[in-house]
Amino acid sequence: MVEETVGAGSGGPSGRREGGYLLVKMSDKPDLSEVEKFDRSKLKKTNTEEKNTLPSKETIQQEKECVQTS
């Protein structure tokens with residue numbers, strides 16, 4: 001674990017104050033507290049549409065014919 005000193009008023013993560021500085025303990029594990037508080041019910045419902053459709057067999061055949069004649 002690493003202890004990092006952040007200047008006062010930096011708007012950084014919360015930690016304990018000592019002499020006008022904020023001491024922040026860093027660890028290898030991410031802080032998931034905000035994820036646990038997330039409310040999925042506030043998300044809007046959306047409809048997804050397929051925008052990039054694959055070409056039909058006829059279109060592929062036409063392209064092959066054009067490439068062969070060129």
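What counts and what doesn't
Residues numbered from 1 in each chain as written. Predicted model: local features only at pLDDT ≥ 70, side-chain atom pairs only at ≥ 80, totals over all residues. Heavy atoms only, no water. Helix = DSSP H or I, 4+ residues; strand = E, 2+ residues; numbered from the N terminus. Buried < 20%, exposed > 50% of the residue type's maximum accessible area, 1.4 Å probe, protein only. Contact = heavy atoms within 4.5 Å. Areas by Shrake-Rupley, 256 points an atom, 1.4 Å probe, with all protein chains shown as cover. Salt bridge = Lys/Arg side-chain N within 4 Å of Asp/Glu carboxyl O. pLDDT = per-residue confidence, 0-100.

### Side note on the overall build of the protein chain
Summing up its helical and strand segments, the protein chain has two helices and three strands in all. Scanning the protein chain from its N terminus toward the C terminus, one meets helices and strands in the order β-β-β-α-α. The buried share of the protein chain, reckoned over its 70 residues, is 6%. Sequence separation of 24 or more characterises 10% of the internal contacts of the protein chain that already satisfy a separation of 6 or more. With the model as given, the accessible surface of the protein chain reaches about 7300 Å², and the carbon-plus-sulfur share is 50%.

### Let's talk about the pattern of salt bridges
Taken as a whole, this structure holds one salt bridge when the rule is applied. The salt bridge involving Lys-37 is made with Glu-34; its shortest N-O contact spans 3.4 Å. With Lys-37 and Glu-34 both in helix 1 (residues 33–37) and three residues apart, the pair spans about one turn of that helix.

### Some words on the confidence of the model for the protein chain
Of the residues in the protein chain, 73% have a pLDDT of 70 or more, and the chain-wide mean is 77. Ranking the helices and strands of the protein chain by mean pLDDT puts helix 2 (residues 57–69) first, with 91, and strand 1 (residues 2–7) last, with 52.

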